[in-house]
Amino acid sequence: INAEYMGFIYYSLLKGKGMIRRVHYRRKHTYRTASNKIKLAKTPGGQLALQYRTKRGKGQICGDTGAKLNGLPHLRSKAFKRLSKVKRTVSRPYGGSRSGAAVKTRIIRAFLLEELKEPVSYTHLRAHETSLHLVCRLLLEKKKQ
C-alpha cells in the first residue's frame, strides 16, 4: 500500500476475508487529527460509509477551586451556549459558575469580615488560610490586638 494514500484514505480490514475496503474522507480536511475523527458505519445496502464524530465536552469547572461542577452537562462551548438557562445552571447563588464549597467559603469570609469591621486585604487572608482554619484564626488574632 502506498504511504501517500494513507493520509486521506481510511483502511478497514474485513473480518475473515483479509480484503481492504477503502473509504474516502468526505470533507476537505484530509488528515487524521483530533478534530477530524470518523467512524465507519455499514449502510443497509452493505456499503461502508463515514460518520464524522464530534469532540467530547470537558464539562464546566469552578472559577475559584478548579473543581468540576456537578449537575451540568458536559458539552462543547457552542452547544452549551445554546442550552436554556435552566439547563446551564444549578439553583443556588453562583449556580453554574462556582462550586458549593467555594460559595460556602465566600459566605463565611464575608460574614467574618463584616464582624471584624476592619480593612483586611483579601490576598492576606487567602495566603494564611488552611483547609481546617479558614479565616477564623486570623480574625481572632486581629481582635486580640
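Residues numbered from 1 in each chain as written. Predicted model: local features only at pLDDT ≥ 70, side-chain atom pairs only at ≥ 80, totals over all residues. Heavy atoms only, no water.

Asker: What exactly am I supposed to notice about the overall build of the protein chain here?
Answerer: Summing up its helical and strand segments, the protein chain has five helices and four strands in all. Listed by position from the N terminus, the elements making up the protein chain come as β-β-β-β-α-α-α-α-α. When burial is assessed residue by residue, the protein chain has 21% of its 145 residues classed as buried. Sequence-distant contacts in the protein chain: of pairs separated by 6 or more residues, those separated by 24 or more amount to 27%. Only carbon and sulfur atoms are counted for the fraction: they give 53% of the accessible area of the protein chain, which is about 11700 Å². (Helix = DSSP H or I, 4+ residues; strand = E, 2+ residues; numbered from the N terminus. Buried < 20%, exposed > 50% of the residue type's maximum accessible area, 1.4 Å probe, protein only. Contact = heavy atoms within 4.5 Å. Areas by Shrake-Rupley, 256 points an atom, 1.4 Å probe, with all protein chains shown as cover.)

Asker: Looking at this structure, I do not really get the side chain of Arg 98. What am I missing?
Answerer: Checked against the element boundaries, Arg 98 lands in the loop between helix 2 (85-88) and helix 3 (100-116). Not counting the four nearest positions on each side in its chain, Arg 98 is found in contact with Cys 62, Gly 63, Asp 64, Leu 69, Arg 92, Val 103 and Arg 106.

Asker: Even after reading the chapter, I still don't get the confidence of the model for the protein chain, so can you show me in this structure?
Answerer: Regions with low pLDDT should not have their predicted coordinates read in detail. Confidence in the prediction of the protein chain, expressed as mean pLDDT, is 76, and 65% of residues score 70 or more. Scored below 50 in pLDDT, residues 1-16 makes 32 contacts in the model with residues more than four places away or belonging to other chains. (pLDDT = per-residue confidence, 0-100.)

Asker: Would you mind showing me how to read the pattern of salt bridges here?
Answerer: A side chain with one charge may pair with a side chain of the opposite charge, provided their charged atoms come close. Applying the stated criterion to the full structure yields two salt bridges. The partner of Arg 98 in a salt bridge is Asp 64, with the nearest N and O atoms 3.3 Å apart. One end of the pair, Arg 98, is in the loop between helix 2 and helix 3; the other, Asp 64, is in the loop between strand 4 (48-52) and helix 1 (77-82), and 34 residues separate them in sequence. Salt-bridge contacts for Arg 106 lead to Asp 64; the nearest nitrogen and oxygen are separated by 3.0 Å. Placement of the pair is Arg 106 in helix 3 and Asp 64 in the loop between strand 4 and helix 1, with a sequence separation of 42 residues. (Salt bridge = Lys/Arg side-chain N within 4 Å of Asp/Glu carboxyl O.)

Asker: Explain the pairing of strand 4 to me, please; I cannot follow it from the model alone.
Answerer: Every regular strand shows the same layout, with side chains that alternate between the two sheet faces. Two elements, strand 3 (residues 38-42) and strand 4, share five bridges in a ladder whose sense is antiparallel. For Ile 38, the partnering residue across the bridge sits in strand 4 and is Tyr 52. (Pairing = 2+ DSSP bridges.)

Asker: Looking at this model, I keep getting lost on the packing of aromatic side chains. Mind explaining?
Answerer: Two descriptors summarise a pair of aromatic rings, namely the distance from one centre to the other and the angle between the planes of the rings. Within this structure, the stated rule accounts for zero aromatic pairs. Its end group placed over the ring of Tyr 52, Arg 27 keeps NZ or CZ at 3.9 Å from the ring centre. Directly above the aromatic system of Tyr 94 lies the positively charged group of Arg 106, at a separation of 4.7 Å from the ring centroid. (Phe/Tyr/Trp six-rings, centres within 6.5 Å; stacked < 30°, edge-to-face > 60°. Lys NZ or Arg CZ within 6 Å of the ring centre and 35° of its normal.)

Asker: It is not clear to me how unusual backbone geometry should be interpreted in this structure. Could you clarify?
Answerer: Where the residue is not glycine, phi is negative for most of them; where a peptide bond is considered, it is trans in most cases. In this structure, Tyr 94 takes a positive phi of about 55° despite not being glycine. One can find Tyr 94 in the loop between helix 2 and helix 3. By relative accessible area, Tyr 94 is classed as partly exposed at 44%.

Asker: When you look at the environment of Ala 79 in this model, what are you seeing that I'm missing?
Answerer: Mapped onto the fold, Ala 79 is located in helix 1. For Ala 79 and Gly 57, which are 22 residues apart along the polypeptide, the C-alpha to C-alpha distance reads 9.3 Å.

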